[in-house]
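# Secondary and tertiary structure notes
Next come the chains, spelled out residue by residue.
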Amino acid sequence: MNASTPGIEPELHARRAASFGAKAAAYAAHRPDYPEKALAWGLAGAEERPVEVLDLAAGTGKVSEGLLALGVTVTAVEPDAKMLEELTKTFPSVTPLIGTAERIPLPDASVDAVVAGQAFHWFDLDRAYPEMARVLKPGGIVAALWNHDDESTGWLAELNALIKTSASRRWLSDYESLPEHEAFEPFEKKTFGHKQPRTAETLVATLATHSHMLVADTEEREAKLRTAREFLDRNPETASGEFDLPITTTVFRARRR
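Fair warning: this is a prediction, and the values are worked out from it, not measured in the lab. (Residues numbered from 1 in each chain as written. Predicted model: local features only at pLDDT ≥ 70, side-chain atom pairs only at ≥ 80, totals over all residues. Heavy atoms only, no water.)

Quick look at the sheet that holds strand E7 (residues 243-255) now. Within the open sheet, the seven strands sit side by side as E3-E2-E1-E4-E5-E7-E6. Their pairing is mixed. Here the strands that pair on one side only, and so sit at the sheet edges, are strand E3 (95-98) and strand E6 (188-198). The sheet shows a mean angle of 25° between the axes of neighbouring strands, taken without regard to direction. As paired elements, strand E5 (residues 136-149) and E7 share nine bridges and run antiparallel to each other. Paired with Ala-144 across the bridge in E7 is Phe-252. Sheet strands in contact with helix H7 (residues 154-162) are E5 and E7, and its direction is about 80° off that of E7. (Pairing = 2+ DSSP bridges. Helix = DSSP H or I, 4+ residues; strand = E, 2+ residues; numbered from the N terminus. Axes fitted to C-alpha atoms, helices over the stretch in contact; angles between N-to-C directions. Contact = heavy atoms within 4.5 Å.)

Right, let's get into the environment of Thr-248. Relative to the assigned elements, Thr-248 resides in strand E7. Assessed through its relative accessible area of 24%, Thr-248 is described here as partly exposed. Linking Thr-248 and His-194, residues 54 residues apart in sequence, is a C-alpha distance of 5.7 Å. The residues contacting Thr-248, other than those within four sequence positions of it, are Trp-146, Asn-147, His-148, Asp-150, Thr-191 and Phe-192. (Buried < 20%, exposed > 50% of the residue type's maximum accessible area, 1.4 Å probe, protein only.)

Moving on: the environment of Val-251. Along the chain, Val-251 turns up in strand E7. When the C-alpha positions of Val-251 and Trp-41 are compared, they lie 8.2 Å apart, and in sequence the two are 210 residues distant. In contact with Val-251, not counting residues within four places along its chain, are Ala-38, Trp-41, Gly-42, Ala-144, Leu-145, Glu-188, Lys-189, Lys-190 and Phe-192.

A few words now on the nonpolar core. Core analysis: the biggest nonpolar cluster contains 29 residues, and Phe-120, Phe-123 and Met-132 have the highest contact counts within it. Counting only elements with at least two residues in this core, the list comes to strand E1 (52-56), strand E4 (111-117), helix H6 (125-135), E5 and E7. For this core, the element with the highest residue contribution is H6, accounting for six residues. Excluding residues that lie within four positions of it along the chain, Met-132 makes contacts with Leu-56, Ile-104, Val-114, Phe-120, Val-142 and Phe-184. Membership of the second largest hydrophobic core comes to 25 residues, among which are Leu-39, Val-63, Ala-76 and Leu-87. (Core = buried A, V, L, I, M, F, W, Y, C linked by side-chain atoms within 4.5 Å.)

Before going further, it helps to examine the packing of helix H8 (residues 200-207) against helix H10 (residues 218-234). At a minimum axis distance of 10 Å, the contact between H8 and H10 shows a crossing angle of 150°. Considering their axes alone, H8 and H10 lie roughly antiparallel with respect to each other. The two elements H8 and H10 meet at a crossing, and its hand is right-handed. Across from Ala-200, Glu-201, Leu-203, Val-204 and Leu-207 in H8, the residues of H10 making contact are Leu-225, Ala-228, Arg-229, Leu-232 and Asp-233. Per-class residue counts for the contact of H8 with H10 are seven nonpolar, no polar and three charged. (Parallel < 35°, antiparallel > 145°, perpendicular 65-115°, else oblique. Left-handed = near helix turned anticlockwise from the far one by under 90°. Nonpolar A, V, L, I, M, F, W, Y, C, P; charged D, E, K, R; others polar.)

Following this line, the structure appears as structure tokens:
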């Protein structure tokens, strides 16, 4: 049970999943964080207040940052050494470990919560769910978060339609729920409003860190990023100075039985 869209090409899925390390510094600089209230809601599903929390597929630490602000102890597990290096530069108090959702390098029942930001769609859930259940204490919580562009803002929907590449696909995060597993209670879902200050230049830099851009060939990628900049330069809401990129953060949480 892979979490990507049913029928998506496995080779493309694998290439997109492995594409971020080469742009780790840009990812750290330009990807949005997660609202503290969204992370807090995710953790609040546990039977007891979480203290030891695993940031799974941690990337450069976008989730770790918010978890630290909530006062928990964070262990970050990430398969890409370059991404993990960026995380440790910024968040030295986080314990960094190389690993995957399918092979988590932690003892049984060692954490109170497992949190994954922008990552569940990369997991092989047939293997990842049992691993998450193994490292969680009974009554612990798993929480999955995604930041989505809020396309109720008309210009953003128009931009996203213009920049789809040959590698663009619809992911699990677009669905209404996550696949269930016997180790966990049914998932609950909640959404939160969020925003990220951007300029035309920094928004294009953000778009360049998206996996469908990273795996596109050079000619297509450069053409799509050029199209994005031209659109932003002529759009009145984004043409001059700083603006807020509207984001919806979706959170799913489920308690370990």
